[in-house]
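# Examining the three-dimensional arrangement
For reference, the chains in residue letters:
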Amino acid sequence: MKPRHKKLAVITAGVTALGFAAVLVLNAFQSNLVFFFSPTQVVAKEAPIGKSFRIGGLVEEGSVQREDSSTTVRFAVTDTSEAIQVVYTGILPDLFREGKGVVAQGKLSENGIFEADEVLAKHDENYMPPEAALALEEAAKAQKAFLAQ
């Protein structure tokens, strides 16, 4: 094999290896990517069905229902405009309360119920996840605009 051909083979192998590594990195990134949606966006069918994402807002007053003899909890998450029913099996955070901020990660089922794998509650009086705060702010603006008409 001529030196020129060896050099071309090494370059081709290097480019192929870099391309393969890039595909692996992008695939891992895409599988770990989790988007955030507000209850209004979920009701508007902007959220994917069957794929993992986060939903955030406030736990609706009077919506928490605990099943007897299990750790399954049903509650509604609202952005003051729309509400989404959530089902979670597991131990809830100590700060989980009605009327308080919450972010749940899971999948939306075909029947429109959000099946959460993880529930996070705000950790102090002043904190709310930026996405949830923005969703609540936008819902309040939309509600004011609607009432002004």
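Residues numbered from 1 in each chain as written. Predicted model: local features only at pLDDT ≥ 70, side-chain atom pairs only at ≥ 80, totals over all residues. Heavy atoms only, no water.

## Side note on the overall build of the protein
- Helix and strand counts for the protein stand at 3 helices and 7 strands.
- Reading the protein from its N end, one meets helices and strands in the order α-β-α-β-β-β-β-β-β-α.
- Taken over the C-alpha trace, the protein has a radius of gyration of 23 Å; the compact-globule value for 149 residues is 15 Å, which it surpasses by more than 25%.
- When its C-alpha atoms are laid out on the principal axes, the protein stretches across 80 × 50 × 35 Å.
- For the protein, with 149 residues in total, the buried portion stands at 28%.
- As displayed, the protein has an accessible area near 10200 Å², and 58% of this comes from carbon and sulfur atoms. (Helix = DSSP H or I, 4+ residues; strand = E, 2+ residues; numbered from the N terminus. Rg over C-alpha atoms; globule rule 2.2 N^0.38 Å. Buried < 20%, exposed > 50% of the residue type's maximum accessible area, 1.4 Å probe, protein only. Areas by Shrake-Rupley, 256 points an atom, 1.4 Å probe, with all protein chains shown as cover.)

## Description of the environment of Ser38
- By the secondary structure assignment, Ser38 is in the loop between β1 (35–37) and α2 (39–43).
- As for Ser38 and Ala76, which are separated by 38 residues in sequence, their C-alpha atoms are 12 Å apart.
- When sequence neighbours within four positions are dropped, the list of residues in contact with Ser38 reads Ile55, Gly56, Asp79 and Ala135. (Contact = heavy atoms within 4.5 Å.)

## Points about the pattern of salt bridges
- By the definition in use, this model includes 2 salt bridges.
- The partner of Arg74 in a salt bridge is Glu67, with the nearest N and O atoms 3.3 Å apart.
- A salt bridge links Glu137 to Lys141; the shortest N-O distance between them is 3.9 Å. Of this pair, Glu137 and Lys141 both sit in helix α3 (residues 130–148), 4 residues apart, which is roughly one turn of that helix.
- Exposure remark for Glu137: the relative accessible area of 45% places this residue in the partly exposed category. (Salt bridge = Lys/Arg side-chain N within 4 Å of Asp/Glu carboxyl O.)

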